[in-house]
Amino acid sequence: MKKISVTILGLCVCLVVSAQMINNGTTMVIESNSSLIIEGDFSNINAGIITVLGTLDVGGNLTNLATLNAEANSTIRFSGTSTSAFTSGNAPIYHLEINKSGDATVNLADDLTVTNELEFTSGKVILGDHNLHLGASTLISNPGSDAYIATNGIGSVLKEVNGNGMVFMPIGDANNYSPLTMQVEGTGFALAQIKTRVVSSTHPEKPLDAESYIKRYWEVESSGISGYSNEWTGNYVSSDVEGNVALIKGAVYNGMQWDYFDAGGSTNTVTGSTVEGLADLTGTNFYGRADILVFLQGAYNSSTGMMTTTLNSMGLIPLSSPYADAPVTVSSIPADVTDWIKLEMRSTTDPSQVLGRVSALLRNDGAIISATGDPLPQVKDSEGSSIVSVHHRNHLPVRTETGLNTMTPVQHDFSVSGNFFGSNAQRSNSGLFAMWPGNSNNDHQIKYSGSNNDTDVVLNTILSHPSNLFNSITFSFTSYSNLDVNLDGIVKYSGSNNDADLILNNILVHPSNSFNSLTFSINQQF
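Notes on the structure follow. Model, not experiment: these values are computed from the prediction. (Residues numbered from 1 in each chain as written. Predicted model: local features only at pLDDT ≥ 70, side-chain atom pairs only at ≥ 80, totals over all residues. Heavy atoms only, no water.)

1. Re the pattern of salt bridges
With the rule as written, the count across this model stands at 16 salt bridges. The residue Asp339 makes a salt bridge to Arg393 at a minimum N-O spacing of 3.0 Å. With Asp339 in strand β38 (residues 337-346) and Arg393 in the loop between β42 (385-392) and β43 (395-399), the pair connects residues that are 54 residues apart, well separated along the chain. The exposure class of Asp339 is buried, given its relative accessible area of 0%. Each member of the salt-bridge network shares a partner with another, and the members are Asp325, Lys342, Glu344, Arg346 and Arg357. (Salt bridge = Lys/Arg side-chain N within 4 Å of Asp/Glu carboxyl O. Helix = DSSP H or I, 4+ residues; strand = E, 2+ residues; numbered from the N terminus. Buried < 20%, exposed > 50% of the residue type's maximum accessible area, 1.4 Å probe, protein only.)

See the structure below:
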């Protein structure tokens, strides 16, 4: 070990020290246009004072446990072929240059502040569990696939911001470069900063049914910004992908739920936006939301303007959805729910193409809520603009004519004239429209007579019921059944409130049945 004291390096002097160097309590000044190159480790300890006006170039570890003054226009450079540990001792660095060869890196041993420029020639800065602070005007020069900031621990990059604009974070994990670009907007900035790190693993709150996603996410926390919003693009590597990359879109987690505002994606990038001060960005299947109001004619009560909850109060609604193509099970059914309903989101360019579907619950006021009670059901693999169709097990479906915004949805009320696709696609109740009931055999049409009609299904089921010993057409039974088209929990062919009469009445009141023909049928298929 060589112990050297240097007081002043003069103008245009380059001093090279090949061994380890310790400044033990002396004062050292590296003048402008001068360089001190230390190929080994350099320690500044006890009452040592180092003032850098020129360049301090270290090949090994740089440990400051005393006073380090990195003045304006000075450079602290890490070079050589060995990994360096940097202990700044809370001294701000004006210009930090990373010029490592091979796989050598610079590993932070404490928090570091760079005030003017972080320059990459080659090599990485490894944060570990420490933070890197960057000023609002600090430049980051020449980052790339082998020269970036690695957030491989709990440490983050903290970038000061003083106004609207782009913030670029050249970050990655220990092995892969995955930068984040942010367009930060706000109405006020007071000691504002953006704190960011990337984690090379699957987000711990990933939606359980998401089969397509990336094993990487970016944590972003803003402070000191009022009216904050952030549009961001994250770059990931091919090995991050699970499932179908074409289905992966930007997904933002705000600590409570996933949002898909401005969600997009292409090979190796995901995009999104947020107004949350603390949020994570990753990529998953896209989940579009729908805010839908719709009524079932079979359960509609014109005197109250709401639907009945008879099936619910009778305890007939099953905990598992009746829609096999959108399975879900709940622990209980809320008291104000009329029945299960199914939402489909379809392509705006080809409405016959179903992008995704979900079982949901229909409240008696017409609102569709998710099976878990969330006010806006989510449909996996839909698109930002999707045609929305609503299906019920014994009513004809209804859909929108054009796409709805599924990223920031507004309520779509199917009960209003003109808010649905097709002529006479719903039944009018003095101007309030509701889905046509009576599709008891689930063939997308309602028929009172003729082949495959819906009333015969009701009749034959009544006659063949094991408890109908006398084959009586007045027999009825309680059941959660597609034959119960008025949703009163009772399957009836004749008598008061029977299901066959509701089917007949729909046929007779349909605006296109101009001759009141019993053979008329109502068709609705997308």
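2. Some remarks on the nonpolar core
Core analysis: the biggest nonpolar cluster contains 56 residues, and Phe42, Leu56, Phe86, Leu96, Met182, Ile194 and Trp218 have the highest contact counts within it. Of the residues forming this core, the biggest block, 4 residues, is contributed by strand β15 (residues 112-122). If we skip the residues at most four places from it in the chain, Ile194 touches Val157, Leu158, Lys159, Val161, Met169, Met182, Val184, Val220, Glu221, Ser222, Ile225 and Tyr228. Membership of the second largest hydrophobic core comes to 40 residues, among which are Ala290, Ala299, Tyr323 and Leu432. (Core = buried A, V, L, I, M, F, W, Y, C linked by side-chain atoms within 4.5 Å. Contact = heavy atoms within 4.5 Å.)

3. Brief notes about the pairing of strand β24 (residues 188-199)
Pairing analysis gives 4 bridges linking strand β20 (residues 157-160) to β24, with the strands arranged antiparallel. Each residue of the ladder has a partner; that of Lys159, found in β24, is Ile194. (Pairing = 2+ DSSP bridges.)

4. What about the sheet that holds strand β32 (residues 269-274)?
Taken in spatial order, the 5 strands of this open sheet run β21-β23-β27-β32-β31, and their pairing is antiparallel. The two strands at the open ends of the sheet, each matched to only one other strand, are β21 (165-169) and β31 (264-266). Neighbour-to-neighbour, the strand axes of the sheet open up by a mean angle of 15°, direction not taken into account. (Axes fitted to C-alpha atoms, helices over the stretch in contact; angles between N-to-C directions.)

5. A few points about the layout of surface pockets
Roughly 980 Å³ of volume is contained in the largest pocket. Looking at the largest pocket, it is lined by 34 residues, and the ones nearest its centre are Asp209, Tyr287, Val358, Thr372 and Gln378. The element contributing the most residues to the lining of the largest pocket is strand β39 (residues 354-363), with 5 residues. Here the second largest pocket defines a volume of roughly 350 Å³. Contributing to the lining of the second largest pocket are 17 residues, with Lys342, His391, His392, Asn442 and His444 lying nearest its centre. Broken down by secondary-structure element, the contributors of at least two residues to the lining of the second largest pocket are β38, β42 and β43. (1 Å grid on protein atoms, 1.4 Å probe; cavity = no way out; pocket = protein on both sides within 12 Å on 5 of 7 lines; lining within 4 Å. Points joined across faces, edges and corners; volume = space filled by probe spheres on them.)

6. Some words on helix α3 (residues 499-509)
What α3 keeps buried is the set Asp499, Ala500, Leu502, Ile503, Leu504, Asn506 and Ile507. Those residues of α3 that are buried are in contact with β46 (427-429), β48 (445-447), α2 (454-464), β50 (490-492) and β51 (521-523). Where α3 starts, the residue carrying a side-chain oxygen 3.0 Å from the main-chain nitrogen of Ala500 turns out to be Asn498. (Polar contact = N/O pair within 3.5 Å; in protein donor to acceptor, adjacent residues only side chain to side chain.)

7. Details of empty space enclosed by the protein
All chains considered together, the criterion is met by 1 cavity of 30 Å³ or more. Within this model, the largest cavity holds a volume of roughly 30 Å³. Residue lining of the largest cavity: Arg289, Ala290, Asp291, Met345, Val388, Leu404, Asn405, Thr406, Pro409 and Val410, and that is the complete set.

8. A word on the packing of aromatic side chains
Applying the stated criterion to the full structure yields 7 aromatic pairs. Pairing Tyr260 with Phe286 gives two aromatic rings, centres 5.5 Å apart and planes at 75°, and the pair type is edge-to-face. You can see Tyr260 sitting in the loop between β30 (258-259) and β31 and its partner Phe286 sitting in the loop between β33 (278-285) and β34 (287-289), a full 26 residues away along the chain. With a centroid separation of 5.8 Å and an interplanar angle of 40°, the aromatic rings of Tyr260 and Tyr287 are classed as tilted. In this pair, Tyr260 sits in the loop between β30 and β31 while Tyr287 sits in strand β34, placing the two residues 27 residues apart along the sequence. Of the two residues, Tyr260 and Tyr287, neither departs from the other in class, the shared state being buried. Chaining the aromatic ring pairs together yields one cluster made of Tyr260, Phe286 and Tyr287. The aromatic ring of Tyr213 is capped on one face by Lys206, whose charged end is 4.7 Å from the ring centroid. Its guanidinium or amino end placed over the ring of Phe421, Arg399 lies 3.7 Å from that ring's centre, counting from NZ or CZ. (Phe/Tyr/Trp six-rings, centres within 6.5 Å; stacked < 30°, edge-to-face > 60°. Lys NZ or Arg CZ within 6 Å of the ring centre and 35° of its normal.)

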